[in-house]
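# Architecture at a glance
What follows is each chain in one-letter form.
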Amino acid sequence: AGEAREAAERIGPRAIGIGADVTDHGAMQAAVAEIVERFGGLDVVVANAGIAQSTIATVRGIGTEEWERVFEVDMLGVWRTVRAALPQIVERQGHVVVTSSVYAFVNGVLNSPYAVAKSGVESLGRSLRVELTPLGASASVAYFGWVDTGMVREAKERPGSERLEQNLPAFLSKQIQPSEAGAAVVRGIEERAPRIFAPKWWRYVSALRGVLNPLLDRRMRR
């Protein structure tokens, strides 16, 4: 909450900062209510909260609580964020952005809870796009590669991460800055785009996933 308020103060009086836990449906409903009270309505929601597992681990090796915690935030947190905002989005014919990841279509080896959640987020966003269209509202699915955030930096420092990167083509490991990801989201909202990619070339990997995935899976098995 404190960091959100500080960020809002830097933006100016047209912004407010609210702290809420995305795993708490009541907290998300309260946040939406506060926004509506302050600004008169809510036109856009971006469900972006996400965490990663603390260590590189297989499905067999990761702790049950940790796996479920990542899924709880990254998938159900997105669901609760969207669910709380939907009445306003429909009423005002607004727009939803759900943050998936290239992990929605890249093998999630050693990172399964994150990959499983992001695949689910992609499916949720696609469903929303179709369901909201007759109501005059819309939805985007955002797919990012490696964004230079604290979460990604910590992940790359974990033992075993360098071996994982060695098994991927170099271009798949290129990082972008958070500002680039943010600018892509802004463009997607303005255009009501069904899909948002950053870097843009990930759209081709997504389009060719049926061909590329078996090849990448085979490479990683070797």
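Provided above is the structure to which this section pertains.
Each value, and the rule that gives it
- Residues numbered from 1 in each chain as written.
- Predicted model: local features only at pLDDT ≥ 70, side-chain atom pairs only at ≥ 80, totals over all residues.
- Heavy atoms only, no water.
- Patch = residues over 30% accessible without salt bridge, like charges linked within 9 Å, V, L, I, M, F, W, Y side chains within 5 Å.
- Areas by Shrake-Rupley, 256 points an atom, 1.4 Å probe, with all protein chains shown as cover.
- Salt bridge = Lys/Arg side-chain N within 4 Å of Asp/Glu carboxyl O.
- Helix = DSSP H or I, 4+ residues; strand = E, 2+ residues; numbered from the N terminus.
- Buried < 20%, exposed > 50% of the residue type's maximum accessible area, 1.4 Å probe, protein only.
- Lys, Arg positive; Asp, Glu negative; His and termini not counted.
- Charge placed at Lys NZ, Arg CZ, Asp CG, Glu CD.
- Core = buried A, V, L, I, M, F, W, Y, C linked by side-chain atoms within 4.5 Å.
- Contact = heavy atoms within 4.5 Å.
- Pairing = 2+ DSSP bridges.
- Axes fitted to C-alpha atoms, helices over the stretch in contact; angles between N-to-C directions.
- Parallel < 35°, antiparallel > 145°, perpendicular 65-115°, else oblique.
- Left-handed = near helix turned anticlockwise from the far one by under 90°.
- Nonpolar A, V, L, I, M, F, W, Y, C, P; charged D, E, K, R; others polar.

Where nonpolar side chains cluster on the molecular surface, the patch consists of Leu208, Val211 and Leu215 and spans about 280 Å² of accessible area. Along the polypeptide, leucine 208 turns up in the loop between helix H8 (202–207) and helix H9 (209–221). Classification of leucine 208 by relative accessible area gives partly exposed; the value is 46%.

Taken together, the side chains of Arg126, Arg187, Arg195, Lys200 and Arg203 present a region of like positive charge at the surface. Mapped onto the secondary structure, arginine 203 falls in helix H8. Here arginine 203 falls in the partly exposed class, since its relative accessible area comes to 34%.

Another point: the nonpolar core. Val82, Val96, Val98, Phe105 and Leu128 are the most contacted members of the largest nonpolar core, which totals 32 residues. Among the secondary structure elements, those contributing two or more residues to this core are helix H2 (25–39), strand E1 (44–47), helix H3 (64–91), strand E2 (95–99), helix H4 (112–132), strand E3 (138–144) and H8. Looking at this core element by element, the count peaks at eight residues for H3. Contact partners of valine 98, with chain neighbours within four places excluded, come to Ala47, Val78, Val82, Val121, Gly125, Ser140, Val141 and Ala142. Of all hydrophobic cores here, the second largest spans 10 residues; its members include Val147, Ile176, Ala181 and Val185.

Taken in spatial order, the four strands make up an open sheet running E1-E2-E3-E6, and their pairing is parallel. Across the chains shown, the open sheet's two edge strands, defined by having one partner strand only, are E1 and strand E6 (195–198). Ignoring which end each strand starts from, the neighbouring axes of this sheet average 15° apart. Direction of pairing for E3 relative to E6: parallel, over a ladder of four bridges. Bridged to tyrosine 143 within E6 is phenylalanine 197.

In this section: the environment of serine 100. Mapped onto the elements of the fold, serine 100 is located in the loop between E2 and H4. Accessibility expressed as a relative area gives 2% for serine 100, which makes it buried. Measuring from C-alpha to C-alpha, the distance between serine 100 and serine 140 comes to 9.8 Å, with 40 residues separating the pair along the chain. Not counting residues up to four positions away in its chain, the partners in contact with serine 100 are Lys118, Val121, Glu122, Val141, Ala142 and Tyr143.

Turning our eyes to something else, we now look at the pattern of salt bridges. One pass over the structure, following the stated rule, counts three salt bridges. One salt bridge in this structure joins glutamate 122 and arginine 209, with 2.9 Å as the shortest N-O distance. Taken as a pair, glutamate 122 in helix H4 and arginine 209 in helix H9 lie far apart in primary sequence, 87 residues in all. Note on glutamate 122: relative accessible area 7%, which makes it buried.

The next subject is the packing of H3 against H4. Across the interface, H3 lies against H4 with an axial gap of 8 Å and an inter-helix angle of 15°. Relative to H4, the element H3 lies roughly parallel. Two packed elements cross with a definite hand, and for H3 against H4 that hand is right-handed. Between H3 and H4, the contacting residues are Trp67, Val70, Phe71, Asp74, Met75, Val78, Trp79, Val82, Leu86 and Val90 on the first element and Ser112, Pro113, Tyr114, Val116, Ala117, Gly120, Val121, Leu124, Leu128 and Leu132 on the second. For the contact of H3 with H4, the class distribution of residues is 17 nonpolar, two polar and one charged.

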